[in-house]
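Per-entry structural report
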Amino acid sequence: MAVRAVRGATQLDEDVREHMLDRVAEMVTDVMSANGLDVDDFISVIFTATSDLHSEFPAYAARQLGFGEVPLICARELEIEGSMPRVVRMMAHVETDLPKSDITHVYLHGAAALRRDLTRVRAVPDDE
């Protein structure tokens, strides 16, 4: 069993607590299904949020999904001029038998435009 990092990102339409929880839960569960992961496969998760999001901790959505024993942390994303607003990102460290080249990173809603350079991405823009 190897340790791998898997990325995810989602963009919110507005900074509303329930919307934050729904979008982050969607991102986490999509990462899990795209990579055949269970909660027990997660070692730790780092969530970042842009500075225009403050309605809830993104990690709380993962706690509601059963991540009670997984170390989670939230941080602020860098404020770079012209960067996409209302984005929550995650980097999860997981135990998996998947080779690095088979890890699927998940980018949802507006965030689907962020990482077109990755070879294995599940990108789901809002228009789908």
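Presented here is a report on the structure given in the accompanying data block. Every chain's residues receive numbers from 1 upward, in the order its sequence appears when written. Residues qualify for local features only when their pLDDT is at least 70, as the model is predicted, and side-chain atom pairs are given and counted only at 80 or more; totals for whole chains, interfaces and linings, by contrast, use all residues. Side-chain measures were taken over the full set of non-hydrogen atoms in the model, leaving aside hydrogen atoms and water.

The subject of this paragraph is the overall build of the protein. Secondary structure summary: the protein contains two helices and six strands in total. In the protein, the succession of helices and strands from N to C terminus is β-α-β-α-β-β-β-β. For the protein, with 128 residues in total, the buried portion stands at 43%. Only heavy atoms enter the contact rule, under which two residues are in contact if any of them lie within 4.5 Å. A sequence separation of at least 24 residues applies to 76% of the contacts in the protein between residues at least 6 apart. Here the Shrake-Rupley method, with its probe set to 1.4 Å, supplies the accessible areas, and only the displayed protein chains count as covering residues. Summed over its atoms, the accessible surface of the protein is roughly 6,900 Å², and 49% of this surface lies on carbon and sulfur atoms. Runs of E in the DSSP output that reach at least two residues are strands. Runs of H or I that reach at least four are helices, and both are numbered from the N terminus. Only protein chains enter the accessibility calculation, which uses a 1.4 Å probe; a residue is then buried when its area is under 20% of its type maximum, exposed when over 50%, and partly exposed in between.

Turning to the nonpolar core, a few remarks are in order. We define a nonpolar core as any set of buried Ala, Val, Leu, Ile, Met, Phe, Trp, Tyr and Cys residues linked to one another through side-chain atoms lying within 4.5 Å. Ranked by internal contacts, the top residues of the largest apolar core, which has 28 residues, are F42, V45, F47, F67 and V88. Elements represented by at least two residues in this core include exactly α1 (17-35), β2 (42-49), α2 (58-64), β4 (87-96) and β5 (105-108). Among the nonpolar cores identified, the runner-up in size contains five residues, and A9, V87, Y107 and A111 belong to it.

Just to be clear on terms, a salt bridge is a Lys or Arg side-chain nitrogen sitting within 4 Å of an Asp or Glu carboxyl oxygen. Scanning the entire structure with this criterion turns up four salt bridges. In this structure, R17 and E18 form a salt bridge, with 3.2 Å as the shortest nitrogen-oxygen distance. In this structure, R17 engages E56 in a salt bridge whose closest nitrogen and oxygen atoms are separated by 2.6 Å. One end of the pair, R17, is in helix α1; the other, E56, is in the loop between β2 and α2, with 39 residues separating them in the sequence. The buried category is assigned to E56, whose relative accessible area is 17%.

For Phe, Tyr and Trp, where Trp contributes only its six-membered ring, two rings pair if their centres lie within 6.5 Å, and the inter-plane angle classes them as stacked under 30 degrees, edge-to-face over 60, or tilted in between. Scanning all chains against the criterion turns up one aromatic pair. Ring centres 4.9 Å apart and planes at 70 degrees place the aromatic pair F42 and F67 in the edge-to-face group. Here F42 is found in strand β2, whereas its partner F67 is found in the loop between α2 and β3 (72-76), with 25 residues between them in sequence. Take F42: its relative accessible area is 6%, and that puts it in the buried class.

Below, the discussion takes up the pairing of β2. β2 sits mainly inside the fold: six of its eight residues count as buried. Pairing between two strands requires that DSSP report at least two bridges joining them. The sheet contact formed by β2 and β4 spans seven bridges and is antiparallel. Bridging across to β4, I46 finds its partner in M91. Alignment of β2 against β3, held across five bridges, turns out to be parallel. Paired with T48 across the two strands is A75, which belongs to β3. What joins β2 to β3 is α2, and the crossover it makes is right-handed. Classification remark: right-handed applies to a crossover when, strands pointing away from the viewer, the course from the first strand over the helix to the second runs clockwise.

Time to look at the environment of H19. Mapped onto the elements, H19 comes out in helix α1. The exposure class of H19 is buried, given its relative accessible area of 16%. Taking C-alpha positions, H19 is 9.7 Å from E56, a pair spaced 37 residues apart along the chain. If near-sequence neighbours (up to four positions away) are discounted, H19 is found in contact with L12, D13 and E14. Each polar contact in these results corresponds to two N or O atoms within 3.5 Å; when the atoms are within protein, one needs to be able to donate a hydrogen and the other to accept it, and residues that are neighboring in sequence are counted only if both atoms are side-chain atoms. A distance of 2.9 Å separates a polar side-chain atom of H19 from the backbone nitrogen of D13.

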